[in-house]
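So you can see what is in the structure, the chains are spelled out below.
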Amino acid sequence: DSEDTEAVVPIGIDGRLRVPRKLLTLAGITSERVSAERVGDEIFLGLVITGMAPPASAQVLELNHPTLLHVPSSLASIFDATEPITARVDRFHVRISGTISGH
């Protein structure tokens, strides 16, 4: 459904999270560059505004896939891959949450 604002996101064999691009679009994130930042026990995805620096603790990710954003394993590794990981639209961000990894 094109109006779903939440999805379970898998971690691929390469350790990256696969976030549906439609969630980014629903959050108003329409650029080819996305800010990804760990905030507490979650990852926040947001718009990179041209001419403005992203937060110092954020990584800037490139949207290279037509339907998915790949969140690198350096961020995704905070979650336990054996438990569900959820991405949901929250105003102008996409929040990714799950069970925090024990290691």
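Reading the values: rules and limits
Residues numbered from 1 in each chain as written. Predicted model: local features only at pLDDT ≥ 70, side-chain atom pairs only at ≥ 80, totals over all residues. Heavy atoms only, no water. Helix = DSSP H or I, 4+ residues; strand = E, 2+ residues; numbered from the N terminus. Rg over C-alpha atoms; globule rule 2.2 N^0.38 Å. Contact = heavy atoms within 4.5 Å. Pairing = 2+ DSSP bridges. Axes fitted to C-alpha atoms, helices over the stretch in contact; angles between N-to-C directions. Salt bridge = Lys/Arg side-chain N within 4 Å of Asp/Glu carboxyl O. Buried < 20%, exposed > 50% of the residue type's maximum accessible area, 1.4 Å probe, protein only.

A.B. asks: Pulling in residues and values, what's your account of the overall build of the protein chain?
C.D. replies: Secondary structure summary: the protein chain contains two helices and eight strands in total. Starting at the N terminus and walking to the C terminus, you meet the elements of the protein chain as β-β-α-β-β-β-β-α-β-β. Relative to the compact-globule value of 13 Å for 103 residues, the protein chain shows a C-alpha radius of gyration of 13 Å, a close match. Excluding contacts between residues fewer than 6 apart, the proportion of contacts in the protein chain whose partners are at least 24 apart in sequence is 56%.

A.B. asks: Let's hear about the sheet that holds strand 8 (residues 93-98): which residues, and what values?
C.D. replies: One open sheet holds the six strands; their spatial order is 1-7-8-4-3-5, and the pairing between them is antiparallel. For this open sheet the edge positions go to strand 1 (6-8) and strand 5 (59-62), each flanked by a neighbour on one side alone. For this sheet the average axis-to-axis angle between neighbouring strands, irrespective of direction, equals 25°. In this sheet, strand 8 lies alongside strand 7 (residues 85-90) in antiparallel orientation, the contact comprising six bridges. Among the inter-strand pairings, Arg88 is bridged to a residue of strand 8, identified as Arg95.

A.B. asks: Help me get a handle on the pattern of salt bridges, residues and values and all.
C.D. replies: Within the structure shown, the criterion is met by seven salt bridges. Glu62 is paired through a salt bridge with Arg33; the nearest N and O atoms lie 3.4 Å apart. Pair noted here: Glu62 is in strand 5 and Arg33 is in strand 3 (residues 33-39), with a separation of 29 residues, a long-range link. Since its relative accessible area comes to 43%, Glu62 is described here as partly exposed. With a closest N to O distance of 3.0 Å, Arg95 and Asp90 form a salt bridge. Asp90 sits in the partly exposed class, given a relative accessible area of 28%.

A.B. asks: For the pairing of strand 8, give the residues involved together with the corresponding values.
C.D. replies: Sheet analysis places strand 4 (residues 42-47) next to strand 8, joined by five bridges and oriented antiparallel. The residue bridging Leu45 from the neighbouring strand is Val94, located in strand 8. The hairpin turn running from strand 7 into strand 8, its antiparallel successor, is two residues long, and Arg91 in that turn takes a positive phi close to 60°.

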